[in-house]
Amino acid sequence: MGKKIKIDIKNKIGVTSWKTDAHERAHITIKEDICAKCPHQLCIAGCPTECFKFYDDKMTFQYEDCVECGACDIMCDQGSIEWSNPRGTYGVTYSRG
Amino acid sequence: MSKKNPEVIIVGAGPAGSATAIRLAQNNVNVVLIDRGMPIGSKNISGGVLWGNDLAEIIPDWQEEAPFERIITNKKVGFLSEEDATIMDLHFHGWNNKPYAGVSVLRAGFDEWLSEKAAEAGATVLDGITIDSLIIENGNVVGVKQGDEELRANVVILAEGVNARLMLENKLFRDPSKKQYLRKEIMGGYKEVYHLEQSLLEERFRLDGNEGMAGEFIIGNIPGDVLAGGFFYTNKNTLSIGTIVHLDSLNTGDKAYEAIEYFKSHPYIRKMIKGAELIEYGSKLIPEMGIKGFPNFYGDGWMVVGDAAGFVFSNGLLVQGMNYAIKSGILAADTYIEAKRSSNYSSSQLKQYEKKLKNSYILKDFKNFSKVKLVTKNKRLFKTYPDALNGGMKAFFTETGAEKQHLIKVILKSFKKSGVGLFSLIKDGLRFRHL
Ligand SMILES: Cc1cc2nc3c(=O)[nH]c(=O)nc-3n(C[C@H](O)[C@H](O)[C@H](O)COP(=O)(O)OP(=O)(O)OC[C@H]3O[C@@H](n4cnc5c(N)ncnc54)[C@H](O)[C@@H]3O)c2cc1C
Ligand code: SF4
Ligand code: SF4
């Protein structure tokens, strides 16, 4: 196989639009204590916009860049993720789809 | 939400929900169609090509007025290895005639249009509302809730798409202990849209007028275990390009979103987007539950249509879900219209929906292709055969000055070189009959 490709996904999602809800209304939350003991961190592997980041020995989650796909809730089998749809009109807004 | 109770509430205005609403409204059913997107369509992604003519059942002249992009007349299917490609190029000139075999669509505009057709037919269409939960009384689904507000109806139709939170929350799966989808029954779709000057696009893809091209590939240049297919579809002045990744092939350290970078880095694909400007990126899941993983399709006071029911067909070379979404919506609407005659909305009556699904091409397709995962999840299809096939083809067509050999001999040699035993090769060859 050829060489590994690295991309800056945060740069790429600059072309996508959101209407971001307030922090206390975040539609997804994680339980840090469960993540701390996670054997695989597969949420990172599945998320299309890198909302999960293992940083400073801690799993961090950023709801603002979420495109509401639901992949993390499938990749995580540890029961850490609390997933719900954002309030109506909030969240990702595609203009092409 | 409105004070007077409707007869039917539909959650989700993708193709499934809107088709259901149109059919119901056309039959004078008082129906409310609710979507969390504003405008409707702004949450939705597909490749996408809408195949078939199911919409004609509810909008006979849809091919005249729908805001589709291009009429597919050219299809490419192929295997990409590190830098080589073997591609089958199908050109069906007759696909240019009505009814078209398939049209490319961008869902934001398409779904909005379809929901407007529902409103025109008489449905009440509410956008920008997320339904939080179902109201269930004595096992009957009797309505929906948003915040403190309730709306009740005879039947609730779940058209919420693949990430079916209401289905999951209310345990409407066959296996009531199911709390989440399994990695093996869902794929991730990752999509980009590029802008290309229309004249350049038409020249690049050799398109006359509003002809369009669809391409689907097995991607063989991704390192590690990740299994992914790639697609591109031409639109009027944009190009849709994306990947579909088997979530169960991801290991710790992988990133599903990288697959599209490998796809685009392949010389064959790279040339397509040269000079094009990325204008959107997004992601959505694709169900591949297969016949055994399907949820219940109906219950007391409810039915489920489209992706939420798992109705996506994929065999590695094509993905179809919109047609099943529309068709299942029409069948659920017809089931309601029949149920109304006896005012019986319990499962004893709504089971007619499953019967209709079985008699239609929907469940027939899933039954006929029940073993397709033997092919689509076969690691060798992605990791070995693209190399072997392209290596063999290249060896055959490269003039070296040596004595020529028969094509089949060269290809077999290349497959052997790739390390696949004859036994596996025969087994896989036999599996391809499931495609
Ligand atoms: C990358 C990719 C490529 C694809 N390519 C193709 C293709 O080429 N051809 C094809 O036929 N299919 C394709 N598909 C599949 C196709 O997109 C789906 O099968 C189709 O969209 C299913 O339609 P649906 O109406 O069931 O669900 P969706 O289109 O997902 O619509 C669901 C709707 O419900 C709304 N909703 C969900 N929950 C709530 C709630 N609680 N309250 C209010 N509203 C809610 C959402 O906003 C959304 O509008 C592709 C899919 C992907 C991801
Ligand atoms: S997979 Fe689940 S438990 Fe593990 S790190 Fe991710 S969110 Fe936490
Ligand atoms: S829903 Fe999708 S985009 Fe949002 S955090 Fe989960 S994986 Fe990432």
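The sections below set out a description of the structure shown in this document. Going along each chain's sequence as written, the residues are numbered from 1 onward. Starting at A for chains and at 1 for ligands, labels are handed out in the order in which the entities are written. The predicted origin of the model limits local features to residues at a pLDDT of at least 70 and limits the giving and counting of side-chain atom pairs to 80 or more, whereas totals for whole chains, interfaces and linings rest on all residues. Values shown for side chains rest on all heavy atoms present in the structure; no hydrogens or waters enter the calculation.

So, on to the overall build of chain B. Helix and strand definitions follow DSSP, with helices as H or I runs of at least four residues and strands as E runs of at least two, each counted in order from the N terminus. The helix and strand tally for chain B stands at 16 helices and 20 strands. We take the radius of gyration over the C-alpha atoms and set the globule estimate at 2.2 Å times the residue count to the 0.38 power. Radius of gyration (C-alpha) of chain B: 23 Å, near the 22 Å computed for a compact globule of 435 residues. Between buried and exposed lies partly exposed: a residue is buried under 20% and exposed over 50% of the maximum accessible area for its type, with that area taken using a 1.4 Å probe on protein chains only. Per-residue burial over chain B gives 59% buried out of 435 residues. Under the convention used here, a 1.4 Å probe and the Shrake-Rupley method define accessible areas, while residue burial counts only the protein chains that appear. Working note: accessible area of chain B is about 17600 Å², and carbon and sulfur atoms make up 51% of it. Looking at charge distribution, chain B has the averaged site of its 55 positive side-chain charges lying 8 Å from that of its 51 negative ones. We count Lys and Arg on the positive side and Asp and Glu on the negative side, and we leave His and both chain ends out. Where a charge lies is defined by one atom per residue type, namely NZ (Lys), CZ (Arg), CG (Asp) and CD (Glu).

Once that is clear, we can look at the pairing of strand β8 (residues 133-137) of chain B. The two faces of a sheet get side chains in turn, since along a regular strand they alternate between them. Only strands joined by at least two bridges in the DSSP assignment are considered to pair. Alignment of β8 of chain B against strand β9 (residues 140-146) of chain B, held across five bridges, turns out to be antiparallel. Bridging from a neighbouring strand, S133 of chain B pairs with K145 of chain B of β9 of chain B.

In this text, near means that some heavy atom of the residue lies within 4 Å of the molecule or strand in question. Contacts to ligand 1 come from 38 residues, most closely from D35, G47, V49, R107 and D307 of chain B. Each of chains A and B places residues next to ligand 1. R36 of chain B is positioned such that a nitrogen or oxygen atom in its backbone is 3.0 Å from a nitrogen atom of ligand 1. Compared with its free state, where it exposes 990 Å², ligand 1 has 98% of that area covered by protein. With three residues, the top contributor of residues to the shell around ligand 1 is strand β16 (residues 277-287) of chain B. Residue classes in the shell around ligand 1 are distributed as 18 nonpolar, 13 polar and seven charged. Identification of polar contacts relies on pairs of N or O atoms within 3.5 Å, with a donor-acceptor requirement for protein atoms, meaning one able to donate a hydrogen and the other able to accept it, and with residues adjacent in sequence counted only if both atoms are side-chain atoms. Here the term charged refers only to Asp, Glu, Lys and Arg, the term nonpolar to Ala, Val, Leu, Ile, Met, Phe, Trp, Tyr, Cys and Pro, and the term polar to all other amino acids, Gly among them.

Another aspect to go through is the nonpolar core. Residue types Ala, Val, Leu, Ile, Met, Phe, Trp, Tyr and Cys, when buried and joined through side-chain atoms within 4.5 Å, form a set referred to as a nonpolar core. Among the nonpolar cores identified, the biggest contains 123 residues, and L55, L158 and F311 of chain B are the most heavily contacted of them. It is helix α9 (residues 322-342) of chain B that contributes the most residues to this core, 11 residues altogether. Residue contacts follow a heavy-atom distance rule, with two residues in contact if any of their heavy atoms lie within 4.5 Å. Apart from residues no more than four positions distant in its own chain, F311 of chain B is found in contact with F294, F297, G306, Q320, G321, Y324, S328, Y353, L357, I362, L363 and F366 of chain B. Counting 14 residues, the second largest nonpolar core, distinct from the first, contains C35, C47, C51 and C66 of chain A.

In this assembly, 45 residues from chain A lie in contact with 52 residues from chain B. A combined buried area of about 4300 Å² lies between chain A and chain B, and 54% of that area is made up of carbon and sulfur atoms. The rule for a salt bridge is simple: a side-chain nitrogen of Lys or Arg has to be within 4 Å of a carboxyl oxygen of Asp or Glu. Viewed at the interface, chain B and chain A are joined by nine salt bridges. In this structure, K4 of chain A engages E258 of chain B in a salt bridge whose closest nitrogen and oxygen atoms are separated by 3.4 Å. Counting every contact that joins chain A to chain B gives 34 residue pairs in polar contact (both at pLDDT 80 or more). The term buried area denotes the loss of accessible surface (1.4 Å probe radius) that occurs when two parts are joined, taken as the sum for both partners.

Let us look at the sheet that holds strand β1 (residues 8-11) of chain B. Residue and element names in this part refer to chain B. Judged by pairing direction, the sheet is mixed, and its six strands sit side by side in the order β7-β2-β1-β11-β18-β17 without closing on themselves. Looking at strand neighbours, the two that pair on one side only are β7 (124-126) and β17 (298-299), the edges of this open sheet. Bridge count for β17 against strand β18 (residues 302-304) is two bridges, and the pairing is antiparallel. By the bridge assignment, Y298 is partnered in β18 with M303.

All right, on to a nonpolar patch on the surface then. A patch is a set of surface residues, each over 30% in relative accessible area and not in a salt bridge, joined within 9 Å for like charges and within 5 Å for the nonpolar side chains Val, Leu, Ile, Met, Phe, Trp and Tyr. On the surface, F396, F397 and L407 of chain B cluster together into a nonpolar patch covering about 290 Å² of accessible area. The exposure class assigned to L407 of chain B is partly exposed, which follows from its relative accessible area of 35%.

Bringing the packing of helix α1 (residues 15-26) of chain B against α9 of chain B into the picture now. Describing two packed helices takes the angle between their axes plus the distance from one axis to the other. All names here are of chain B. Close contact between α1 and α9 brings their axes to 7 Å; oriented N to C, the two are set at 35 degrees. With respect to the hand of their crossing, α1 and α9 are arranged in right-handed fashion. Between α1 and α9, the contacting residues are P15, A16, A19, T20, R23 and L24 on the first element and M322, A325, I326, G329, I330, A333, D334, Y336 and I337 on the second. Considering only residue class, the contact of α1 with α9 consists of 11 nonpolar, two polar and two charged. Note on geometry: axes are lines fitted to C-alpha atoms, helical ones only across the stretch in contact, with angles between N-to-C directions running from 0 to 180 degrees. By definition, turning the near helix anticlockwise from the far helix through less than a right angle yields a left-handed crossing, and turning it clockwise yields a right-handed one.

All names here are of chain B. When two rings of Phe, Tyr or Trp (its six-membered ring) have centres within 6.5 Å they constitute a pair, described as stacked for plane angles under 30 degrees, edge-to-face for angles over 60, and tilted for the intermediate range. Applying the stated rule across the entire model yields 22 aromatic pairs over all chains. Between F68 and Y100 the ring centres are 6.0 Å apart and the planes differ by 70 degrees, which places this aromatic pair in the edge-to-face class. Of the two residues, F68 sits in the loop between α2 (62-65) and β4 (71-80) while Y100 sits in the loop between β5 (85-91) and β6 (102-104), which places them 32 residues apart along the sequence. The class for F68 is buried, based on a relative accessible area of 10%. For the pair F294 and F311, a centre-to-centre distance of 5.5 Å together with 75 degrees between the ring planes defines the contact as edge-to-face. Of the two residues, F294 is situated in the loop between α8 (290-293) and β17 and F311 in the loop between β18 and β19 (313-314); the sequence distance between them amounts to 17 residues. This pair shows no difference in class: F294 is buried, exactly as F311 is. A network of ring pairs unites the aromatic residues F294, F297, F311, Y324, Y361 and F366 as a single cluster. Only when the NZ atom of a Lys or the CZ atom of an Arg is both within 6 Å of the ring centre and within 35 degrees of the ring normal do we say a charge sits over the ring. Sitting above the plane of the F297 ring, R174 keeps its charged end 5.3 Å from the centroid.

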